[in-house]
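Residues per chain, in single letters:
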Amino acid sequence: MMRLKELIFFVTRRCDLRCRTCFFAAAGAPKNAGEDELSLAEIDEVAARLRRLDSLYFSGGEPSLREDLADICSVFWRRCRIGAIHLPSNGQDPERIRSLCLEILRRLPGIRLTLSLSLDGRAAVHDRIKGSAGCFRRAVETARALAPLRREFPRLRLYVITVVSCENRQEVLPLAAWLEESLDLDGHGPSPLRGRPRDPSLSAPAAADWRDLAAALLPFHRRWLRRGGLPRWRQALAANRVRYLYGLYERVLAGGGLPFPCLAGERIAVLDPEGGVRPCEQASPVGNVRRSGFDLAAVLDGPQARQEHLQARSCACTNACFLENSIRSHPLSRARSLLGRAPSARHG
Ligand code: SF4
Ligand code: SF4
């Protein structure tokens, strides 16, 4: 097996929202049952056997509801020498999230912490999609509560992510303009709805709609990059990568395959709250660390996982984490991405 570089840890199924876009809840996740979650000691066993990882991505559920999240970060930092932690949040408890970020930054010197707040529109649209009155206001309060922390710790990055569906497609550009004027962020990352959402009436945007939206979003990305103060050549490379990724989304939404093999289960994999291991978030578990001596790599090397790898290599979706990992391992796609070219019909 290739070395696993990134792990997506669905650290809890507990959540304080019931979003209509949620694919984790739609997959039958028991609401707010935290009973069978891996303990900190079990997570330590998993991390000790992994030895080395570049980045840890949390997912869930609402990750900040796990009371020992800072301890879990410490375990991976100490055992796997991770350099970066990605923490998504629905932003419903500004003080809990602010103090969690502060604790992680203080305890882990040098760690790059990226917090991604979910906003699917301005107040009315966001609250409707998330199914909770006032949740836009609370998420914005969280973004504002993090502003002083970002000044104190430049290694804390703050993004807004937006799930684009047939319902909020028209709302994405007004939201992008509002964010630009109103919040101190590092960027805004819209991406198409994926998986099977809790509300089956929601669907991903059509490819043509995504293409129009992506063209209108690219100037926003360039301005966020300029605000970030990177050297110009790095701004240009980052903008090119976004353009390539958006081209991939369009291609997948149009029913086309990826121009490179997906490396789900090889470079990047998913660990579930109860220890299940999946090659990617859309796949079924191929084993459980509790039944495999806490050896996640051994599960990914097992016969069931190998079968999934073969299928994954010709599969397609719009999950940026998995796409970016696979692009990095495919020289032609990597070159096209850095040059900002559209994905080619095949092989790059
Ligand atoms: S999408 Fe995230 S915030 Fe919303 S219900 Fe699902 S886990 Fe909770
Ligand atoms: S392309 Fe297929 S295998 Fe790869 S991450 Fe997406 S759904 Fe999973």
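Rules used in this analysis
- Residues numbered from 1 in each chain as written.
- Chains lettered and ligands numbered in written order.
- Predicted model: local features only at pLDDT ≥ 70, side-chain atom pairs only at ≥ 80, totals over all residues.
- Buried ≥ 20, exposed ≤ 12 C-beta atoms within 10 Å, placed from the backbone.
- Helix = DSSP H or I, 4+ residues; strand = E, 2+ residues; numbered from the N terminus.
- Pairing = 2+ DSSP bridges.
- Near = placed C-beta within 6 Å.
- Nonpolar A, V, L, I, M, F, W, Y, C, P; charged D, E, K, R; others polar.
- Contact = placed C-beta atoms within 7 Å.
- Axes fitted to C-alpha atoms, helices over the stretch in contact; angles between N-to-C directions.
- Arc of directions from axis to C-beta.
- Expected span 1.5 Å × (residues − 1).
- Core = buried A, V, L, I, M, F, W, Y, C linked by C-beta atoms within 7 Å.
- Parallel < 35°, antiparallel > 145°, perpendicular 65-115°, else oblique.

Strand residues, when the strand is regular, have side chains that alternate between the two faces of the sheet. Burial along strand β7 (residues 268-271) is two-sided: Ile268 and Val270 facing one way and Ala269 and Leu271 facing the other are all buried. Bridge count between strand β1 (residues 6-12) and β7: 4 bridges; the pairing is parallel. Along β7, the bridge assignment pairs Leu7 with Ala269. With 2 bridges connecting them, β7 and strand β8 (residues 276-278) associate as antiparallel partners. Paired with Leu271 across the two strands is Val277, which belongs to β8. In this antiparallel pair of consecutive strands, β7 and β8, the connection spans 4 residues, and Gly275 shows a positive phi of 100 degrees.

Another aspect to go through is the site of ligand 1. Around ligand 1 sit 12 residues, and of these Cys15, Leu17, Cys19, Cys22 and Asn90 come closest. Here the residues of the shell around ligand 1 sort into 6 nonpolar, 4 polar and 2 charged.

This next bit is on the sheet that holds strand β4 (residues 112-118). Strand pairing in a sheet relies on backbone hydrogen bonds. The paired strands run either parallel or antiparallel. What the 9 strands build is an open sheet, ordered β6-β5-β4-β3-β2-β1-β7-β8-β9; its pairing is mixed. Either end of the sheet is taken by a strand with one partner, and the two such strands are β6 (187-192) and β9 (287-288). Pairing analysis gives 2 bridges linking β8 to β9, with the strands arranged antiparallel. From the neighbouring strand, Gly276 faces β9, where its bridge partner is Asn288. Relative to strand β5 (residues 156-164), helix α6 (residues 135-152) is tilted by about 155 degrees, and along the sheet it contacts β4 and β5.

In this section: helix α5 (residues 123-130). Residue pairs three or four apart in sequence face the same way in an α-helix, which turns once every 3.6 residues. For α5, the complete set of buried residues consists of His126, Ile129 and Lys130. For α5, the buried positions fall inside an angular range of 95 degrees around the axis, keeping them on one side. Residues of α5 that are buried make contact with α6.

On to helix α4 (residues 94-107), then. Spanning 14 residues, α4 covers 20 Å between terminal C-alpha atoms, matching the ideal 20 Å at 1.5 Å per step. Inspection of α4 places Ile97, Leu100, Cys101, Ile104 and Leu105 among the buried residues, and these make up the whole buried set. Buried residues of α4, seen end-on, are gathered within an arc of 125 degrees and therefore sit on one face of the element. Relative to its buried face, α4 has exposed residues pointing more than 90 degrees away, namely Glu95 and Arg106.

Ranked by size, the top nonpolar core spans 86 residues in total, and within it Leu7, Phe9, Leu56, Phe76, Cys101, Ile104 and Leu113 carry the most contacts. Here this core gets 7 residues from one element, more than from any other, and that element is helix α9 (residues 232-253). With residues near it in sequence (within four places) discarded, Phe9 still touches Leu56, Tyr57, Phe58, Ser59 and Leu271.

Our next topic: the packing of helix α7 (residues 172-182) against helix α8 (residues 207-227). The geometry of α7 relative to α8 is characterised by a closest axis approach of 10 Å and an angle of 10 degrees between their N-to-C directions. By the angle between their directions, the pair α7 and α8 is classed as roughly parallel. Along its contact with α7, which presents Val172, Leu173, Ala176 and Glu180, the element α8 presents Leu213, Ala216, Leu217, Phe220 and Arg223.

Let us now look at the packing of α5 against α6. With their axes 8 Å apart at the nearest point, α5 and α6 run at an angle of 105 degrees to one another. One element, α5, and the other, α6, form an angle in the roughly perpendicular class. Contact residues: α5 offers Ala123, His126, Asp127 and Lys130, while α6 offers Cys135, Phe136 and Arg137. Across the contact of α5 with α6, the residue classes tally to 3 nonpolar, 1 polar and 3 charged.

Glancing now at the environment of Arg78. With respect to the helices and strands, Arg78 occurs in helix α3 (residues 69-80). The exposure class of Arg78 is partly exposed, given the 13 C-beta atoms found within 10 Å. Spatially, the C-alpha atoms of Arg78 and Asp44 are 9.7 Å apart, while their sequence positions differ by 34 residues.

Everything listed is a geometric property; what it means functionally is a separate question.
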